[in-house]
Amino acid sequence: QVQLVESGGGLVQPGGSLRLSCAASGSIVSIYAMGWYRQAPGKERDLVAAITSGGRTRYADSVKGRFSISRDNAKKTLYLQMNSLKPEDTAVYYCNAGSSTAQIMGRTWESYDSWGQGTQAIVSS
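Report follows, based on the coordinates. (Residues numbered from 1 in each chain as written. Predicted model: local features only at pLDDT ≥ 70, side-chain atom pairs only at ≥ 80, totals over all residues. Heavy atoms only, no water.)

1. What about the overall build of the protein chain?
Counting its regular elements, the protein chain contains one helix and eleven strands. Starting at the N terminus, the α and β elements of the protein chain follow one another as β-β-β-β-β-β-β-β-β-α-β-β. In terms of C-alpha radius of gyration, the protein chain reaches 14 Å, essentially the compact-globule figure of 14 Å for 125 residues. Here the C-alpha coordinates of the protein chain stretch approximately 40 × 25 × 25 Å along the principal axes. Here the contacts in the protein chain between residues at least 6 apart in sequence split such that 60% fall between residues at least 24 apart. A total accessible area of about 6200 Å² is found for the protein chain, and carbon and sulfur atoms account for 46% of it. Of the charged side chains in the protein chain, 13 are positive and 9 negative; the average position of the first set lies 5 Å away from that of the second. (Helix = DSSP H or I, 4+ residues; strand = E, 2+ residues; numbered from the N terminus. Rg over C-alpha atoms; globule rule 2.2 N^0.38 Å. Contact = heavy atoms within 4.5 Å. Areas by Shrake-Rupley, 256 points an atom, 1.4 Å probe, with all protein chains shown as cover. Lys, Arg positive; Asp, Glu negative; His and termini not counted. Charge placed at Lys NZ, Arg CZ, Asp CG, Glu CD.)

Structure follows, in structure tokens:
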């Protein structure tokens, strides 16, 4: 089980971009699925994007065409490139490695479920 630390959040105007990073404490090569989630005040935490070790991706309908998830094994980092940001994208963004995302991506079980502390993105003029 790895420790995850998100960074890259901040205040951006509508139409702007942010690049979120999730640094892992160990190798991510063997992690089947990693993902980005977001939670707005009063809302549940929902999947934004996910990626498998083989490069298969999945996006929430609300972010398709605007967000891109990637993973860099050498840097042990998961990324979320967010473009054309909208006010409704405002949320705390969390990264995940393990069972939560594995289930979404088709694996029935993983022995761990790691979450980062979150990074805040505010989209406002």
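This is not the end of the story, as more comes after the structure.
2. Considerations on the sheet that holds strand β3 (residues 18-24)
Taking strand neighbours across the sheet as the criterion, the four strands line up as β1-β3-β8-β7 in an open arrangement whose pairing is antiparallel. For this open sheet the edge positions go to β1 (4-7) and β7 (67-72), each flanked by a neighbour on one side alone. Within the sheet, the average angular offset between the axes of one strand and its neighbour, ignoring direction, is 15 degrees. (Pairing = 2+ DSSP bridges. Axes fitted to C-alpha atoms, helices over the stretch in contact; angles between N-to-C directions.)

3. Remarks on the pattern of salt bridges
In this structure the tally under the stated criterion is four salt bridges. Arg66 serves as the salt-bridge partner of Asp89, at 2.7 Å between the closest nitrogen and oxygen. In this pair, Asp89 sits in the loop between β8 (77-82) and β9 (91-98) while Arg66 sits in the loop between β6 (57-59) and β7, placing the two residues 23 residues apart along the sequence. When sorted by exposure, Asp89 lands in the same class as Arg66, which is buried. In this structure, a network of salt bridges that share partners links the residues Arg38, Arg66 and Asp89. (Salt bridge = Lys/Arg side-chain N within 4 Å of Asp/Glu carboxyl O. Buried < 20%, exposed > 50% of the residue type's maximum accessible area, 1.4 Å probe, protein only.)

4. Focus: the environment of Ser25
Mapping Ser25 onto the fold places it in the loop between β3 and β4 (33-39). With relative accessibility at 47%, the residue Ser25 sits in the partly exposed group. As for Ser25 and Gly35, which are separated by ten residues in sequence, their C-alpha atoms are 16 Å apart. With sequence-adjacent residues up to four places away left out, Ser25 is seen in contact with Val2, Gln3 and Lys76.

5. Examining the environment of Gly106
With respect to the helices and strands, the residue Gly106 is situated in the loop between α1 (99-104) and β10 (113-115). Note on Gly106: relative accessible area 57%, which makes it exposed. In this structure the C-alpha to C-alpha distance between Gly106 and Ala33, which are 73 residues apart in sequence, comes to 9.5 Å.

What is shown is where atoms sit, not what they do.
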